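Letter by letter, the chains look like this.
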Amino acid sequence: MTAIAHRYEFVYLFDITNGNPNGDPDAGNLPRLDPETNRGLVTDVCLKRKIRNFVGLDKENATGYAIYMQEKAILNQQHEKAWEAVGLKQESKDAYKKLPKEEGKAREITEWMCSNFFDVRSFGAVMTTSVNAGQVRGPIQLAFATSIDPVVPLEISITRMAVTTEKEAEAQSGDNRTMGRKHIIPYGLYRAHGFISAKLAERTGFSNEDLDLFWRSLINMFEHDRSAARGEMAARKLIVFKHESAMGNAPAHVLFDAVKVLPAKADEDSAAPRHFSDYRVEIDHGAIPPGVSVREMI
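One structure accompanies this document, and this report is about it. What you are looking at is a predicted structure, and each value in this text was computed from that prediction instead of being measured.

For the rest of this paragraph, the subject is the overall build of the protein. Within the protein one finds eight helices and 14 strands. In terms of its C-alpha atoms, the protein occupies a principal-axis envelope of roughly 65 × 65 × 35 Å. Contacts in the protein between residues far apart in sequence, at least 24 positions, make up 72% of those at least 6 positions apart. Counting every atom, the protein has about 16100 Å² of accessible surface; 49% of that belongs to carbon and sulfur. Seen as two clouds, the 38 positive and the 41 negative side-chain charges of the protein have centres 3 Å apart.

Here it is as structure tokens:
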């Protein structure tokens, strides 16, 4: 498959209702917040995880679409497969620590990882573990998503009508109810920016077919990520900027600045937003430089 020939940027809007889009393990799994502005945050790692999960479900480990960074994966075992595939199976574990001295063989190992794992050729990977498979800088980069407005996390008490052990039941004199906490955001609309480099795609083999799959992942990934903790999440807008050249025809920030997310009503006293319809998304087409086209995929 031929690597993509154009540079892309995109603006991605998604929202959540009565859920926790990305809990912070260092804060009791509270929704992540910017402490200065109280705007919600969702990490790039969180979004990439959902993309990987969608591709894994959609492709079911088809050739060329395996997922490298998956739950319970043992990365060194993945790297050993690459060594064996290029005919370099080693007798001792220590022999895997350094790539072969022959540059062509070392490149073959890394290229095998790119061609077999969708997330390696998309996002890149540092594979310099005790079984060394090289390092790849991927063409796709995602920034943190930030909520358009400040959000107010709520702590909701919940009751479980059971206990875990007999000892707990005896201590509660037959009342098996236990209390817990659930952290939610009533509503939040989040905006993320993404970048896709055609030049880096040449190095990993990221193709137009991969690009189409990536767009489908962004549009559909929340449909297969339902849980009680995350409430209702939905992809609301995907605005894609396509450059005529591989190097690009305009700075990314100029394109991002052309997309405005504004309140649907100008009344400053209006109620706090509780739905996507409380916003309007505007694209200033006059601010988009020549050589760049814009497409709304949602």
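What follows deals with the packing of aromatic side chains. A complete count under the given rule lists 12 aromatic pairs for this structure. Ring geometry for Tyr65 against Phe118: centres 6.2 Å apart, planes inclined by 25 degrees, an arrangement best described as stacked. Highlighted residues: Tyr65 in the loop between α1 (44–59) and α2 (75–85) and Phe118 in helix α4 (residues 118–123), separated in sequence by 53 residues. With a centroid separation of 5.1 Å and an interplanar angle of 80 degrees, the aromatic rings of Trp83 and Tyr96 are classed as edge-to-face. Taken together, the residues Trp83 in helix α2 and Tyr96 in the loop between α2 and α3 (103–116) connect sequence positions 13 residues apart.

As a further point, take helix α7 (residues 208–220). For α7, spanning 13 residues, the distance from its first C-alpha to its last is 18 Å, which sits close to the expected 18 Å at 1.5 Å a residue. What α7 keeps buried is the set Asp210, Leu211, Leu213, Phe214, Trp215, Ser217 and Leu218. In the core, the buried residues of α7 are packed alongside β1 (8–19), α1, α4, β7 (140–142), β10 (178–196) and β11 (232–243).

What follows covers the layout of surface pockets. In this structure, the largest pocket occupies an estimated 300 Å³ of space. Surrounding the largest pocket, 17 residues form its lining, Pro263, Lys265, Ser270, Ala271 and Asp278 being those nearest its centre. When residues of the lining of the largest pocket are traced back to their parent elements, those giving at least two are β8 (145–150) and β12 (259–263). With three residues, the single largest contributor to the lining of the largest pocket is β12.

This part takes up the nonpolar core. Judged by nonpolar contacts, the single largest core of 39 residues is most densely connected at Phe10, Tyr12, Phe14, Ile196, Phe214, Trp215 and Leu218. For this core, the secondary structure elements donating two or more residues are β1, α1, α4, β7, β10, α6 (198–204), α7 and β11. Sequence-distant contacts of Phe214, defined by excluding residues within four places in its chain, comprise Phe10, Ile51, Phe123, Ile140 and Ile196. If you look at the next biggest cluster of nonpolar residues, it comprises 17 residues, including Met113, Val131, Ala133 and Val136.

Rules and cut-offs
Residues numbered from 1 in each chain as written. Predicted model: local features only at pLDDT ≥ 70, side-chain atom pairs only at ≥ 80, totals over all residues. Heavy atoms only, no water. Helix = DSSP H or I, 4+ residues; strand = E, 2+ residues; numbered from the N terminus. Contact = heavy atoms within 4.5 Å. Areas by Shrake-Rupley, 256 points an atom, 1.4 Å probe, with all protein chains shown as cover. Lys, Arg positive; Asp, Glu negative; His and termini not counted. Charge placed at Lys NZ, Arg CZ, Asp CG, Glu CD. Phe/Tyr/Trp six-rings, centres within 6.5 Å; stacked < 30°, edge-to-face > 60°. Expected span 1.5 Å × (residues − 1). Buried < 20%, exposed > 50% of the residue type's maximum accessible area, 1.4 Å probe, protein only. 1 Å grid on protein atoms, 1.4 Å probe; cavity = no way out; pocket = protein on both sides within 12 Å on 5 of 7 lines; lining within 4 Å. Points joined across faces, edges and corners; volume = space filled by probe spheres on them. Core = buried A, V, L, I, M, F, W, Y, C linked by side-chain atoms within 4.5 Å.

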